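Understanding the architecture of this molecule
Now for the letters of each chain:
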Amino acid sequence: MPTTTLNGVDRAALSATLDAVREKPALAQVSFTLNSAWSSGCHQRSQTGEMRQNGEIVAGRESRYVLESDEPAALLGTDKAPNPGEYVLQALAGCYAVTYATNAAMRGIELSSLKLELEVDFDLQGFFDLDGSVRPGAQQVRVNVHAESPNASSEQLRALTDAVRRRSPIGDTLANPVDVVTTLVETSR
């Protein structure tokens, strides 16, 4: 019996998921949650929360993951954890890996190796409000991709890489404006 798994992706499950979303597009609506508490200085600790699909809590997802962030000493932190900029790169790397594996499986491309080198640049003049013309966010994100396949040509890997660049949810989030709603929830004293 031939295997339906390619690049660690169950192609039968992928096909079933695609069919389910085509039949009921509301299933494509997914939300993730995270709760965070500041510790001290630049250090904070978060825990993942519930996941919702089509407005409903996904009952089978019970795992909770703890994430911490800090800054290097050179940036006023205590270097207890990765900094938020490194988490941005990790989020993009993780999303690219998922998008590569899934899109390659959809195209019948076997990946024998996928390595990503990522860099992000910030200008702290924006963060410290020293220069109003400098935005506090990332100035540029660069990704070098090393993808190998025993059954795909260089042209097919370039097309796959372009599809990943266009289809990555985190890549799209970084490349395009997103409405970030921030609300102070006052607690009674």
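Residues numbered from 1 in each chain as written. Predicted model: local features only at pLDDT ≥ 70, side-chain atom pairs only at ≥ 80, totals over all residues. Heavy atoms only, no water.

Labelled according to an unreviewed UniProt entry, the chain appears under the name Osmotically inducible protein C, originating from Mycolicibacterium murale.

**Quick notes on the domain arrangement of the chain**
You can read the domains of the chain as domain 1 (6-77) and domain 2 (83-176). When each unit is reduced to the centre of its C-alpha atoms, the spacing between domain 1 and domain 2 is 18 Å. Taken together, the contact between domain 1 and domain 2 spans 13 residues of the former and 14 residues of the latter. Summed over both partners, the interface of domain 1 with domain 2 comes to about 1,000 Å²; 67% of that surface belongs to carbon and sulfur atoms. For the pair domain 1 and domain 2, the interface holds five residue pairs in polar contact (both at pLDDT 80 or more). Counting residues per element, the side of domain 1 that touches domain 2 draws most heavily on strand β6 (residues 66-69), which supplies three residues. (Domains from an automatic or database assignment. Contact = heavy atoms within 4.5 Å. Buried area = accessible area lost by both parts, 1.4 Å probe. Polar contact = N/O pair within 3.5 Å; in protein donor to acceptor, adjacent residues only side chain to side chain. Helix = DSSP H or I, 4+ residues; strand = E, 2+ residues; numbered from the N terminus.)

**A look at the pattern of salt bridges**
In total, this model carries seven salt bridges according to the counting rule given. Note that Asp19 and Arg22 form a salt bridge whose closest N and O atoms lie 3.3 Å from each other. Taken together, the residues span about one helical turn, with Asp19 and Arg22 both in helix α1 (residues 11-23) at a distance of three residues. We note a salt bridge from Asp162 to Arg166, for which the minimum N-O separation is 3.1 Å. Taken together, the positions of Asp162 and Arg166, both in helix α4 (residues 154-167) and four residues apart, correspond to about one turn of that helix. (Salt bridge = Lys/Arg side-chain N within 4 Å of Asp/Glu carboxyl O.)

**Re the packing of aromatic side chains**
A full pass over the atoms with the stated rule returns two aromatic pairs. Centre to centre, the rings of Tyr96 and Tyr100 are 6.4 Å apart; their planes meet at 70°, and the pair counts as edge-to-face. Here Tyr96 pairs with Tyr100, and both are found in helix α2 (residues 84-107), just four residues apart, close to one helical turn. Among the residues examined, Tyr100 registers a relative accessible area of 0% and is labelled buried. (Phe/Tyr/Trp six-rings, centres within 6.5 Å; stacked < 30°, edge-to-face > 60°. Buried < 20%, exposed > 50% of the residue type's maximum accessible area, 1.4 Å probe, protein only.)

**Some words on the environment of Leu89**
Structurally, Leu89 can be placed in helix α2. Assessed through its relative accessible area of 15%, Leu89 is described here as buried. Taking the C-alpha atoms as reference points, Leu89 and Arg158, 69 residues apart in sequence, are found 22 Å from one another. Residues in contact with Leu89, not counting those within four places in the same chain, are Leu118, Glu119, Val120 and Val141.

**So, a nonpolar patch on the surface**
Together, Leu75, Leu76, Phe122, Leu124, Phe127, Phe128 and Leu130 line one region of the surface with nonpolar side chains, adding up to about 740 Å² of accessible area. Counting through the fold element by element, Leu75 comes out in the loop between β6 and α2. (Patch = residues over 30% accessible without salt bridge, like charges linked within 9 Å, V, L, I, M, F, W, Y side chains within 5 Å. Areas by Shrake-Rupley, 256 points an atom, 1.4 Å probe, with all protein chains shown as cover.)

**Considering the side chain of Ser149**
Secondary-structure assignment places Ser149 in the loop between β8 (140-148) and α4. A distance of 2.6 Å separates a polar atom in the side chain of Ser149 from the backbone oxygen of Glu110. In this structure the side chain of Ser149 is engaged in a polar contact, spanning 3.2 Å, whose partner is the backbone nitrogen of Ala152.

**Observations regarding the nonpolar core**
Core analysis: the biggest nonpolar cluster contains 10 residues, these being Leu92, Tyr96, Tyr100, Ala104, Ile109, Leu111, Ala152, Leu157, Leu160 and Val164. The set of elements that each furnish at least two residues to this core consists of α2 and α4. Here the element with the most residues in this core is α2; it accounts for four residues. Excluding residues within four positions of it along the chain, Tyr96 makes contact with Leu116, Val143, Val164, Arg165 and Ser168. By size, the runner-up hydrophobic cluster in this structure holds five residues, among which are Leu6, Leu14, Ala101 and Ala105. (Core = buried A, V, L, I, M, F, W, Y, C linked by side-chain atoms within 4.5 Å.)

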